Amino acid sequence: HLTLEIEFPQRKLKVRVWTARAGHITLFLLDTNIPDNSDADRAITHQLYGGDQETRIRQEVVLGMGGLRALHALGHDPVVCHLNEGHSAFAALEAIATRMEATGYSYEQSALPIMESIVFTTHTPVEAGHDRFAPAEVLHHLRPLRERLGLDEHQFLALGRVHPENPNEEFCMSVLAIKLAARTN
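**Some words on the layout of surface pockets**
Inference 1: What the largest pocket holds in volume is close to 790 Å³.
Inference 2: Looking at the largest pocket, it is lined by 29 residues, and the ones nearest its centre are Phe28, Leu30, Leu63, Gly67 and Ser88.
Inference 3: Secondary-structure elements contributing two or more residues to the lining of the largest pocket are β3 (25–31), α2 (53–73) and β4 (81–84).
Inference 4: Among the elements that make up the lining of the largest pocket, the one with the highest residue count is α2 (ten residues).
Inference 5: Class assignment of the residues belonging to the lining of the largest pocket gives a composition of 17 nonpolar, ten polar and two charged.
Inference 6: As a volume, the second largest pocket reaches approximately 230 Å³.
Inference 7: The wall of the second largest pocket is formed by 15 residues, among which His72, Asp77, Pro78, Ala95 and Ile114 lie closest to the centre.
Inference 8: Looking at the lining of the second largest pocket, the elements with two or more residues in it are α2 and α3 (90–103).
Inference 9: Broken down by element, the lining of the second largest pocket gets its largest block of residues, five residues, from α3.
Inference 10: Residue composition of the lining of the second largest pocket, by class: ten nonpolar, three polar and two charged.

**Structural notes on the sheet that holds strand β1 (residues 2–8)**
Inference 1: Ordered by their spatial adjacency, three strands build an open sheet running β1-β2-β3, and the pairing between neighbours is antiparallel. The strands lining the two open edges of the sheet, one partner per strand, are β1 and β3. The mean angle between the axes of side-by-side strands here comes to 30°, regardless of whether they run parallel or antiparallel.
Inference 2: Where strand β2 (residues 11–22) and β3 come together, seven bridges link them in antiparallel fashion. Looking at β3, one finds that alanine 22 is bridged to isoleucine 25.

**Thoughts on the pattern of salt bridges**
Inference 1: Enumeration according to the criterion identifies 13 salt bridges in this entry.
Inference 2: The residue lysine 14 makes a salt bridge to glutamate 5 at a minimum N-O spacing of 3.1 Å.
Inference 3: Close ionic contact of glutamate 60 with arginine 56 constitutes a salt bridge, the shortest N to O distance being 2.9 Å. On the criterion of helical spacing, the pair formed by glutamate 60 and arginine 56 is a turn pair, its members being four residues apart in helix α2. Taken individually, glutamate 60 and arginine 56 each receive the classification buried, so the pair is uniform in this respect.
Inference 4: One continuous salt-bridge network, built from bridges that share partners, spans Glu7, Lys12, Arg69, Glu94, Glu101 and Arg148.

**Notes on unusual backbone geometry**
A negative phi holds for most residues other than glycine; trans holds for most peptide bonds.
Inference 1: A positive phi angle is found at glutamine 10, which is not glycine, with a value near 60°.
Inference 2: If you trace the backbone, glutamine 10 turns up in the loop between β1 and β2.

**Here we look at the nonpolar core**
Inference 1: Phe90, Leu93, Ile96, Tyr107, Leu142 and Leu149 are the most contacted members of the largest nonpolar core, which totals 45 residues.
Inference 2: No other element matches the eight residues that α3 contributes to this core.
Inference 3: When neighbours within four sequence positions are excluded, leucine 142 is seen to be in contact with Ile57, Val61, Met65, Phe90 and Phe156.

**Some words on the side chain of asparagine 37**
Inference 1: Structurally, the position occupied by asparagine 37 is in the loop between β3 and α1 (39–42).
Inference 2: With relative accessibility at 7%, the residue asparagine 37 sits in the buried group.
Inference 3: Other than its neighbours up to four places away in sequence, asparagine 37 contacts Lys12, Leu13, Lys14, Thr32 and Arg42.

**Side note on the sheet that holds strand β5 (residues 118–121)**
Inference 1: Pairing is parallel across the open sheet formed by three strands, whose spatial order is β4-β5-β8. Lying at the two open borders of the sheet, with one neighbouring strand each, are β4 and β8 (183–184).
Inference 2: In this structure, β4 lies alongside β5, joined through four bridges in parallel fashion. Paired with leucine 83 across the strands is phenylalanine 120, a residue of β5.

Rules used throughout
- Position numbers for residues count from 1 along each chain, tracking the sequence in the order it is written.
- Reporting of local features is limited, given that this is a predicted model, to residues whose pLDDT is at least 70; pairs of side-chain atoms are given and counted only at 80 or more, and all residues count toward the totals for whole chains, interfaces and linings.
- Each side-chain value is derived from all of the structure's non-hydrogen atoms; neither hydrogens nor water enter the calculation.
- Of the two site types, the cavity is a set of points on a 1 Å grid over the protein atoms alone where a 1.4 Å probe fits but cannot get out, and the pocket is an open set with protein on both sides within 12 Å along at least five of seven lines, each lined by residues with an atom within 4 Å of a point.
- Grid points are joined across faces, edges and corners, and a volume is the space filled by probe spheres set on the points.
- Strands here mean DSSP runs of E at least two residues long; helices mean DSSP runs of H or I at least four residues long; both are numbered from the N terminus.
- By the convention adopted, Pro, Cys, Tyr, Trp, Phe, Met, Ile, Leu, Val and Ala count as nonpolar, Lys, Arg, Asp and Glu as charged, and the other residues, Gly among them, as polar.
- In this description, strands pair whenever DSSP reports at least two bridges between them.
- In this description, a line fitted to the C-alpha atoms serves as the axis of each element, helices being fitted only across the stretch in contact, and the angle between N-to-C directions of two axes falls anywhere from 0 to 180 degrees.
- Any Lys or Arg side-chain nitrogen found within 4 Å of a carboxyl oxygen on Asp or Glu counts as a salt bridge.
- For every residue, the accessible area obtained with a 1.4 Å probe (protein chains only) is divided by the maximum for its type, and the residue is called buried under 20%, exposed over 50%, and partly exposed between those limits.
- For the purposes of this section, nonpolar cores are sets of buried Ala, Val, Leu, Ile, Met, Phe, Trp, Tyr and Cys residues that join through side-chain atoms within 4.5 Å.
- By the convention used here, residues are in contact when the closest approach between their heavy atoms is within 4.5 Å.

Read these as spatial facts, not as claims about activity.
Here you go:
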């Protein structure tokens, strides 16, 4: 089994990648319930869409960042990344950061080619279906990613806001996905 790490505040989260076959399809499943993690971190992947806002943002970090890292570690380099709902939108930021590290390019130079490879679909026409997080939660849990991207706090939060100048607006995962995808549906 493949195990990878994701930078969390003051620690590294271990994520195990499981492979399962469903007919001719291969599924990659992410699991934080491993002995190297704290009890709280082990519970991140216990229940889909479960828990409080802190659990939810942790799940979306695991899904987005961990999902893309898992694909790369397994030898897959997706040409197109389809984000189905906003839950996985951190994958786009992970892809930009990875490109920056590989090329030495700036955020601006790295973002456009990545955005061209991102497709976003949402099926949820109601407000409650779009995850939103308090700015402080986003900054706390995503500080390592924000720093890799070379963005200040305002620039980072603006990616998930309809009105970037509104400091009280929450960070919306669907807004992030829309801003980072060349194609949306």
